[in-house]
Amino acid sequence: MEFADSGPRVLGPRESNPRLNDDGNQTDEGRPPVLSWEPPCSWDNEVLDFDDVPVAKVAADAGDLDQEACQDAARAAVGNGTHVDRYKTGALAAGDRFCEDFAAGGRVVLLRVVKVSGSPVGELTLSATVWAGPAKTEGAPAQPGDKVYENQPVTVSDDVAKARGCVLGSVGLGSDMPVVTYRSRLNGGGGDIEYSPSCLSGSPKMWFRGYVARVEGTADLDLTACQDAAARGESNELEVPVSELRTGDRFCRFDSLDKDVALLKVTAVTAKAPASVTFSITRWKAPEPS
């Protein structure tokens, strides 16, 4: 199903995803978002596929959703790791809602499950609301010294880690906003910051990758001050138990490979299980060395 400007359109049996080429690669990020269903007669997965766009499953008691609320829900899910890009049809129920912030095309999508029939599910009825806004403009890439984003919240927690099978939390800083994901130790490389939950280690911990330093005091930190502090810190070795974190703690991080500088402020922390840590993150492109 393609969410075109004229309304949702079910693709024909010989049509492929209009946003992908024959090799399955994205060809035009600005094209309308697509929802794919793999029914039991064609695949074993039996999933709704949101075309690799992070989507929030919205709580039933969240009330009515307008464009702003739906977009906020989708972005919050990216920041706390509860987002999904695929969902098992067997777990769907009438009334389930999903919000998608399709920033590249300037659209916000609200999907509601109206009817689920069969076991395995052989028929799905969905309603869709699509709000159109200004499409994301690429413009010039961030230049050395530019601020990429400011005070973006992220949360890592025992609750989400346990719900995903007791796995590591991972925070990636390199996009246009921080992204939280959860993965097992066998699923490849880690993030810029990692969280080991209580169910894995007994005592939850944070690991900071790159050059990182805890910054004392309350003085404002700009790009230069944060980069200088991080350069004097530890490299890929800073491990901090959650029990030692306090609201207001600050860390500066410098990635010498990607040339990024980040300021991380602890805005909330719960040390006892279920533990959680919330950061506010500001990121800059590092200037070239003089």
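Refer to the structure above for everything that follows.
Below, the structure is looked at part by part. (Residues numbered from 1 in each chain as written. Predicted model: local features only at pLDDT ≥ 70, side-chain atom pairs only at ≥ 80, totals over all residues. Heavy atoms only, no water.)

### Some remarks on the pattern of salt bridges
And step 1. As enumerated under the stated definition, the model contains eleven salt bridges in all.
And step 2. Here R253 ties to D255 by a salt bridge, and the two come within 3.4 Å at their closest N and O atoms. This pair shows no difference in class: R253 is buried, exactly as D255 is.
And step 3. Members of the salt-bridge network, linked through shared partners, are R183, E194 and R209. (Salt bridge = Lys/Arg side-chain N within 4 Å of Asp/Glu carboxyl O. Buried < 20%, exposed > 50% of the residue type's maximum accessible area, 1.4 Å probe, protein only.)

### Quick look at unusual backbone geometry
And step 1. Residue S119 is joined to P120 through a cis peptide bond whose omega torsion reads 0 degrees.
And step 2. Note on placement: P120 falls in the loop between β8 (107-117) and β9 (123-132).
And step 3. Notably, K259 is not glycine yet its phi reads approximately 60 degrees, a positive angle.
And step 4. Positionally, K259 belongs in the loop between β18 (250-255) and β19 (260-270). (Helix = DSSP H or I, 4+ residues; strand = E, 2+ residues; numbered from the N terminus.)

### Details of the sheet that holds strand β5 (residues 55-58)
And step 1. The strand order β5-β7-β8-β9 describes an open sheet built from four strands, whose pairing is antiparallel. Two strands in the sheet have a free side with no partner beyond their single neighbour: β5 and β9. Between one strand and the next, the sheet's axes are offset by a mean angle of 25 degrees, whatever the strand orientation.
And step 2. Pairing of β5 with strand β7 (residues 97-102) involves four bridges; the strand directions are antiparallel. (Pairing = 2+ DSSP bridges. Axes fitted to C-alpha atoms, helices over the stretch in contact; angles between N-to-C directions.)

### Quick notes on the sheet that holds strand β6 (residues 86-88)
And step 1. The three strands are arranged β3-β4-β6 in an open sheet whose pairing can be described as antiparallel. Of all the strands in the sheet, just β3 (36-37) and β6 have a single pairing partner and so form its edges.
And step 2. Pairing of β3 with strand β4 (residues 47-49), which is carried by two bridges, proceeds in the antiparallel orientation. Residue pairing in the sheet places S36 in a bridge with D49 of β4.

### A word on the state of the cysteines
And step 1. Across all of its chains, the model carries three disulfides by this definition.
And step 2. Between C70 and C99 runs a disulfide, and the two sulfur atoms are separated by 2.0 Å. What sets the handedness of the C70 and C99 disulfide is the S-S torsion sign, and at about -110 degrees it is left-handed. Taken together, the positions of C70 in helix α1 (residues 67-80) and C99 in strand β7 put the pair 29 residues apart, joining distant regions of the chain.
And step 3. Covalent S-S linkage joins C226 and C252, the inter-sulfur distance amounting to 2.0 Å. (Disulfide = S-S within 2.5 Å.)

### Some words on the side chain of R183
And step 1. Summarising the element assignment, R183 is placed in strand β12 (residues 179-183).
And step 2. Looking at R183, its side chain comes within polar contact range of the side chain of E194, at 2.4 Å. (Polar contact = N/O pair within 3.5 Å; in protein donor to acceptor, adjacent residues only side chain to side chain.)

### Brief notes about a negative patch on the surface
And step 1. Taken together, the side chains of D64, D66, E68 and D72 define an acidic patch exposed on the protein surface.
And step 2. If you trace the backbone, D66 turns up in the loop between β5 and α1.
And step 3. Classification of D66 by relative accessible area gives partly exposed; the value is 45%. (Patch = residues over 30% accessible without salt bridge, like charges linked within 9 Å, V, L, I, M, F, W, Y side chains within 5 Å. Areas by Shrake-Rupley, 256 points an atom, 1.4 Å probe, with all protein chains shown as cover. Lys, Arg positive; Asp, Glu negative; His and termini not counted. Charge placed at Lys NZ, Arg CZ, Asp CG, Glu CD.)

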